[in-house]
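Chain residues, written in single-letter form:
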Amino acid sequence: MSKHRQEIWENELAKCIKCGTCRSVCQVFQSVDDESYVARGKMRLVDAYLNNKINLTDGLAQRMSMCLMCKACTASCPSGVKTDRVFLEMRNYLAEEKGLSKVKRMAFTWLKYRNIFDFSLRFGAFFQGLVFKGLPDRNGRIPRFPIPVAGFNQRRIIPTLAKRPLRSMLPEVVKIDKPKMRVAFFTGCMMNYVYPESGLALVDVLRANDIEVVTPKKQQCCGTPIFTSGDFKTGRLLVKQNLTAFCDLDVDAIVAGCASGGVAWKHEFQTILEEDDEMLPVAKKLAEKSYDISEFLSKIELNNNFGRVEKTVTYHDPCHLNRGQGISKEPRDLIKAIPGIKFIEMSHADNCCGSGGSFNLSYYEVSRDINNKKVKSIGEVKPDIVLTGCSACRMHIEDGLFQSGLNIPVRHTIELLAESYRKQGVI
Amino acid sequence: MLDLKILRELEETLGRGRVKTDMESLISYSYDGTFQERLPDAVVKAHDVSEVSNIMKISGAYGVPVVPRGAGTGLSGGVVPLKGGIVLEMTAFNKIIEINMRNKYAIVEPGVYTNDFAEAVEKVGLFYPPDPASSKSSTLGGNVAECAGGPRGVKYGVTKDYVMGLELVLPDGEILNVGNMVDGETGWFDLPLLLTGSEGTLGIITKIIFRLIDNPEHKQTLLAKYDQVIDAGKTVSSIIKNGVIPTTLEIMDRTTIQAVENFLKIGLDTEKDAFLLLEVDGSKYEVAKQLEQVKQICLECGAVEVETASTKEESDRLWKARRSISGACGKINPTKIGEDATVPRSKIPEMIVRLREIAKKYQLKMVIFGHAGDGNLHPNILTDKRNSEEMERVEKAVSELFNAAVSLGGTLSGEHGIGYMKAPFLKMEMGETGYQTLKKVKEVFDPKGVLNPGKMFMDEEMF
Ligand SMILES: Cc1cc2nc3c(=O)[nH]c(=O)nc-3n(C[C@H](O)[C@H](O)[C@H](O)COP(=O)(O)OP(=O)(O)OC[C@H]3O[C@@H](n4cnc5c(N)ncnc54)[C@H](O)[C@@H]3O)c2cc1C
Ligand code: SF4
Ligand code: SF4
């Protein structure tokens, strides 16, 4: 085992005072009500492993993988234990020592064949029938093959895949007369394959602000679903391809359209690259100019020529935006800036929606249980739409709302902004 | 290892897969908020009273220890299964059965989380005062079993002041109901009172009847700052002597203030030697009057600055500081040996002097904070359990600290209970007669010594 990893474990373990505060925030724990699934229990399991009291059992692996990586425990821990880091390292260690679980391996080797995937998806109509089984009411599909992040479960519905991926529709550079700024757009998989309309909205909003948008064709999945399940090796491969695709661009900022992508660019690329990797300085440098789209918009002088949108809306905090990047106020401010909008806060807006990257892939039942609470909070508000800043959350909440018979659409915050600009004829 | 026969019998009563013996589960139920860990032989979660009763019958028949467990946030080691056996998890008893607004009582199951209950009560306009700092994660069963207290104790008392009745399963599996929902008054021995604070050594609590009270109309928070911690101690004695009863009266010494500020960064004045955090409640008129009186006393006793929180946000900020202490200390040194030895309020200044001397003598980092209004000072030693040389000094310091408390007429445990941590000192506090009396009570309830052995009593042969 690497010394670095051992040190991380030992330091964090020494800090855990076993106070049990994490029990009050961990949604997985609250769903299963079993101490071995809460951060405190998992910390003890890591400790037991380090002290040779337990082997790398399937049971241990199960505890480590049944975690949303939502950072709720990390954020609430009074001792500042970096639980997320401890578990991530353990997942990686397990993958190294024991190999990845089968389902995950299937999803992730797929990723390396990105081009084939793109190609197939471009023939969506044909391909869809092959990969997805339509639901009787045609409202959604059940995937027969896994797709990144969306996961693979016979019961979960996912929206109809885009006919064409976002990046195949966007030119490498969206030119602007006399641009005020130039930014690079990191789309993330979900915007690319599932919700290209969010991506187009994002580009439109930047355009409305006289910002030139570069969308590098060679960008890849951010790697989050891969390295969080322990496969640092494939993860590193993707990280490096992304860094290479962005490092020579002449841009003022890198803007991420999804919460996980933002955390990845800001923090996780650096976390998973090895200490002596020559790309590490590049990751550091680019991290400094990486922003989530809502954060970026709150930092510029925003074109506030907004058109009226008469809607009641509420907002769900994605874990990777709120706890991952400390961004919760910015999207709310953007939403409230639009005339006509009635914003109602849902209860526990910052609770995880239960998606958790590939979590819902393996633990659909628990994930649904957690999501039901989210659906309940939304139901109490009765909004016209739910807004959020992460497409994975969007998909999981849409799934939940649909299964509960609630007909409320979920949208990326940026789509509301685009709609408002459109009403005013700005774009 | 438990005999396979016993495990099979347990599984037969509970159902397949309900008796966990995998290493992952055993490790996860081997601890609480203290530092010792001991593996149980099995972990089971009961869903209703009859299951608890059946488990106790089996345990009784074979003499297998049973340790009831709430959330495992205890600070005296109550749920650490010192002698192995079965950890009986009570968190599935999670229903608030009734909140009676007219007669102001509630019937709840022991696995309900304290804060959830307090919120539900508040929703209907009533008040359940006990508020341990752990309220978001501790269970009501654990609160009753430890007789938990909290900042509001000065005015509103502790958990025992709200327990009117209990349903418990005795070690032989029989079900006992004590108290009532009329007034909790019993013509006979006050068993609810005896069982509150029994730390899972006399019976398994399966239902609780709590007294509720009216919500106070107004509240106001005040912060007094001192250059000398002794002056803060004097203020406490003086406030009580003058007949003012604040809702809460909390003390934080310099090291505590610094730790919290480091952790929260909310602009606390880290130059001061001590803070007193006070809250008064009542009608608008009463609040204003008390506040003025308290302010006066603080200044007379040497406070250099007195601040009143004018907005809810401001008072929330101050209380957040108080609630974060425990964790903030963890940032200084990883191991926190917390004690809750308590002294009469008039002895607070003296106790503070002694505590500081002890810390100095053994060269240890000590923070003092707590419910000063109750004389409960929560001296906490911040150390690192991996440093065995220092741990030896800690042990000596703790022993001296208990001695100091008892010699000032105080008690070992204000609220965290005895558990295994303070068991060695129980005799010192109770005296021989007191100790033997306690033991006889234990024998009446649990003659075979199957319930939570190793806690409170040290005598190896039986408990
Ligand atoms: C950060 C932190 C702050 C704290 N602040 C305070 C405070 O301000 N005031 C305070 O008083 N305490 C405080 N505590 C201590 C602790 O939270 C309390 O003692 C609490 O009452 C324990 O509840 P629990 O559900 O975690 O019980 P556990 O730790 O699970 O159990 C405690 C004891 O109760 C017994 N028990 C549990 N359930 C039952 C049952 N159903 N029947 C019979 N016996 C049972 C157990 O056997 C054990 O002996 C704090 C702890 C922490 C970690
Ligand atoms: S909240 Fe932090 S210190 Fe407390 S038990 Fe959980 S991980 Fe440990
Ligand atoms: S990251 Fe989320 S799911 Fe995982 S242990 Fe922490 S709180 Fe629970």
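A. View of the overall build of chain A. Along chain A, the regular secondary structure elements total 23 helices and 11 strands. Counting every position in chain A, which comprises 427 residues, the buried fraction comes to 62%. For chain A, the exposed area adds up to about 16700 Å²; of that, 50% sits on carbon and sulfur atoms.

B. Representation of the overall build of chain B in the model. Helix and strand content of chain B: 15 helices and 18 strands. Projecting the C-alpha coordinates of chain B onto the three principal axes gives extents of approximately 70 × 60 × 45 Å. Sorting the 463 residues of chain B into buried and exposed places 60% on the buried side. In chain B, of all internal contacts separated by at least 6 residues, the share reaching a separation of at least 24 is 71%. In the form shown here, chain B has an accessible surface area of approximately 18800 Å², with 51% of it arising from carbon and sulfur atoms. One way to put it: in chain B the 55 positive side-chain charges average out to a point 2 Å from where the 66 negative ones average out.

C. Seen up close, the site of ligand 3. All names here are of chain A. In the vicinity of ligand 3, the residues found are Cys26, Val28, Lys42, Cys67, Leu68, Met69, Cys70, Lys71, Ala72 and Cys73. Here ligand 3 is seated within the second largest cavity. Per-class residue counts for the shell around ligand 3 are 8 nonpolar, no polar and 2 charged.

D. Focus on the pattern of salt bridges. Residues and elements named next belong to chain A. Inspection of every chain in the model, using the stated rule, returns 54 salt bridges over all chains. Between Glu345 and Arg332 there is a salt bridge, with its nearest N and O atoms 2.8 Å apart. Of this pair, Glu345 sits in the loop between strand S9 (341-343) and helix H20 (359-362) while Arg332 sits in helix H19 (residues 329-336), and the two are 13 residues apart along the sequence. Assessed through its relative accessible area of 39%, Glu345 is described here as partly exposed. Sharing partners across several salt bridges, the network here consists of Arg5, Arg85, Glu89 and Glu96.

E. Summary view of the layout of surface pockets. Residues and elements named next belong to chain B. Roughly 810 Å³ of internal volume is contained in the second largest pocket. In terms of lining residues, the second largest pocket is bounded by 33 residues, among which Glu146, Cys147, Thr196, Gly197 and Ser413 are the most central. Looking at the lining of the second largest pocket, the elements that each hand over two or more residues are helix H5 (140-146), helix H7 (191-195) and helix H15 (426-445). The leading source of residues in the lining of the second largest pocket is H15, at 6 residues. A breakdown of the residues in the lining of the second largest pocket according to their chemical character gives 13 nonpolar, 13 polar and 7 charged.

F. View of the domain arrangement of chain A. Residues and elements named next belong to chain A. For chain A, the assigned domains are domain 1 (3-98), domain 2 (166-298) and domain 3 (311-423). Relative to domain 3, the C-alpha centre of domain 1 lies at a distance of 28 Å. The interface is formed by 15 residues belonging to domain 1 together with 15 residues belonging to domain 3. Between domain 1 and domain 3, the buried area comes to about 1200 Å², and carbon and sulfur atoms account for 62% of it. Counting across the domain 1 and domain 3 interface gives 0 salt bridges. Where domain 1 packs against domain 3, one counts 3 residue pairs in polar contact (both at pLDDT 80 or more). Put simply, the parts of the chain that give the side of domain 1 that touches domain 3 at least two residues each are helix H2 (27-32), helix H4 (58-65) and helix H5 (72-76). Per-element tally for the side of domain 1 that touches domain 3: the top contributor is H2, with 5 residues. Grouping the constituent residues of the side of domain 1 that touches domain 3 by class yields 9 nonpolar, 5 polar and 1 charged.

G. Structural detail: the interface of chain A and chain B. Of the residues lining the interface, 31 residues belong to chain A; the matching set on chain B comes to 36 residues. For the pairing of chain A and chain B, the buried interface totals around 2300 Å² over both sides, and the portion due to carbon and sulfur atoms is 48%. Where chain A packs against chain B, one counts 6 salt bridges. Notably, a salt bridge pairs Asp34 of chain A with Lys20 of chain B, separated by 3.0 Å at the nearest N-O pair. If you look at where chain A meets chain B, you find 16 residue pairs in polar contact (both at pLDDT 80 or more). Counting residues per element, the ones that place at least two in the side of chain A that touches chain B are helix H1 (3-15), H2, helix H3 (39-50) and H4 of chain A. Looking at the side of chain A that touches chain B, the element that brings in the most residues is H3 of chain A, giving 5 residues. Classifying every residue of the side of chain A that touches chain B gives 11 nonpolar, 9 polar and 11 charged.

H. Spotlight on the domain arrangement of chain B. Residues and elements named next belong to chain B. One can read the domain layout of chain B as domain 1 (4-89), domain 2 (96-214), domain 3 (218-407) and domain 4 (428-462). On a C-alpha basis, the centroid separation for the pair domain 1 and domain 2 is 23 Å. Of the residues lining the interface, 13 residues belong to domain 1; the matching set on domain 2 comes to 16 residues. When the two sides are added together, the surface that domain 1 and domain 2 hide from each other amounts to roughly 1100 Å², 69% of it contributed by carbon and sulfur. When the area that domain 1 buries against domain 2 is broken down by residue, the three leading residues are Val49, Met56 and Pro68, summing to 38%. Where domain 1 packs against domain 2, one counts 0 salt bridges. For the pair domain 1 and domain 2, the number of links is 1 residue pair in polar contact (both at pLDDT 80 or more). Listed by contribution, the elements that provide at least two residues to the side of domain 1 that touches domain 2 are helix H3 (49-62) and strand S3 (66-69).

I. Seen up close, the site of ligand 1. Taken together, 35 residues are adjacent to ligand 1, and Pro68, Gly70, Thr73, Ser134 and Thr139 of chain B come closest. Of the chains in the model, those with residues near ligand 1 are chains A and B. Ser134 of chain B places a polar side-chain atom, nitrogen or oxygen, 2.6 Å from an oxygen atom of ligand 1. At a separation of 3.2 Å, an oxygen atom of ligand 1 approaches a polar backbone atom of Gly142 of chain B. Contact with the protein chains covers 97% of the free accessible surface of ligand 1, which is 970 Å². Of all the secondary-structure elements, those providing two or more residues to the shell around ligand 1 are S3, H5 and strand S10 (204-211) of chain B. For the shell around ligand 1, the element with the most residues is H5 of chain B, which contributes 5 residues.

J. Structural detail: the side chain of Arg63 of chain A. With respect to the secondary-structure elements, Arg63 of chain A resides in helix H4. With near-sequence residues (within four places) excluded, Arg63 of chain A lies in contact with Ser36, Tyr37, Lys42 and Leu45 of chain A together with Asp22, Glu24 and Ser25 of chain B.

K. Region of interest: the nonpolar core. Residue and element names in this part refer to chain A. Among the nonpolar cores identified, the biggest contains 64 residues, and Val28, Phe87, Met90, Leu243, Phe246 and Trp265 are the most heavily contacted of them. Sequence-distant contacts of Trp265, that is, excluding residues within four places in its chain, are made with Phe186, Asn242, Leu243, Phe246, Ile254, Leu286, Ala287 and Ser290. Within the second largest apolar cluster, 53 residues are counted, among which are Ile211, Phe343, Met346 and Leu417.

L. Empty space enclosed by the protein, seen in detail. One pass over the full model with this rule turns up 6 cavities of 30 Å³ or more. Space inside the second largest cavity adds up to approximately 150 Å³.

Rules of the game
Every chain is numbered on its own, with residues counted from 1 as its sequence reads. Going through the entries in the order they are written, you letter the chains from A and number the ligands from 1. Local features are withheld for residues below a pLDDT of 70 in this predicted model, meaning they are given only at 70 or higher, and side-chain atom pairs are given and counted only at 80 or more; totals for whole chains, interfaces and linings count all residues. Calculation of side-chain values draws on the structure's entire complement of heavy atoms; hydrogens and water are dropped beforehand. Labels follow the DSSP assignment, with helices taken as runs of H or I lasting at least four residues and strands as runs of E lasting at least two, numbered in each case from the N terminus. Burial status follows relative accessibility: with a 1.4 Å probe on protein chains alone, a residue under 20% of its type maximum counts as buried, one over 50% as exposed, and anything between as partly exposed. Per-residue and other accessible areas were derived by the Shrake-Rupley procedure at a 1.4 Å probe size, with only the shown protein chains allowed to occlude residues. The contact definition used throughout considers only heavy atoms, calling two residues in contact when any of these lie within 4.5 Å. In summary, the charge assignment counts Lys and Arg as positive and Asp and Glu as negative, without counting His or the chain termini. All charge positions are set by atom: Lys at NZ, Arg at CZ, Asp at CG, Glu at CD. In these notes, residues near a molecule or strand are those with any non-hydrogen atom within 4 Å of it. Site definitions follow a grid-based scheme: protein atoms alone, a 1 Å grid, a 1.4 Å probe that fits but cannot get out for cavities, and for pockets an open set with protein on both sides within 12 Å along at least five of seven lines, plus lining residues having an atom within 4 Å of a point. More than half of a molecule's atoms within 2 Å of the grid points is what it takes for that molecule to sit in a cavity or pocket. Side-chain classes are defined by residue name, with Ala, Val, Leu, Ile, Met, Phe, Trp, Tyr, Cys and Pro counting as nonpolar, Asp, Glu, Lys and Arg as charged, and the others, Gly among them, as polar. Throughout this description, the term salt bridge denotes a Lys or Arg side-chain nitrogen within 4 Å of a carboxyl oxygen of Asp or Glu. Grid points are joined across faces, edges and corners, and a volume is the space filled by probe spheres set on the points. Domain extents, as shown, originate in an automatic or database domain assignment. Accessible-area loss on putting two parts together, using a 1.4 Å probe and summing over both, is the definition of buried area adopted here. Any pair of nitrogen or oxygen atoms within 3.5 Å is treated as a polar contact; in protein, a donor-acceptor pairing is required on top of that, and neighbouring residues in sequence qualify only through side-chain atoms on both sides. What makes a nonpolar core is a set of buried Ala, Val, Leu, Ile, Met, Phe, Trp, Tyr and Cys residues whose side-chain atoms join them at distances within 4.5 Å.

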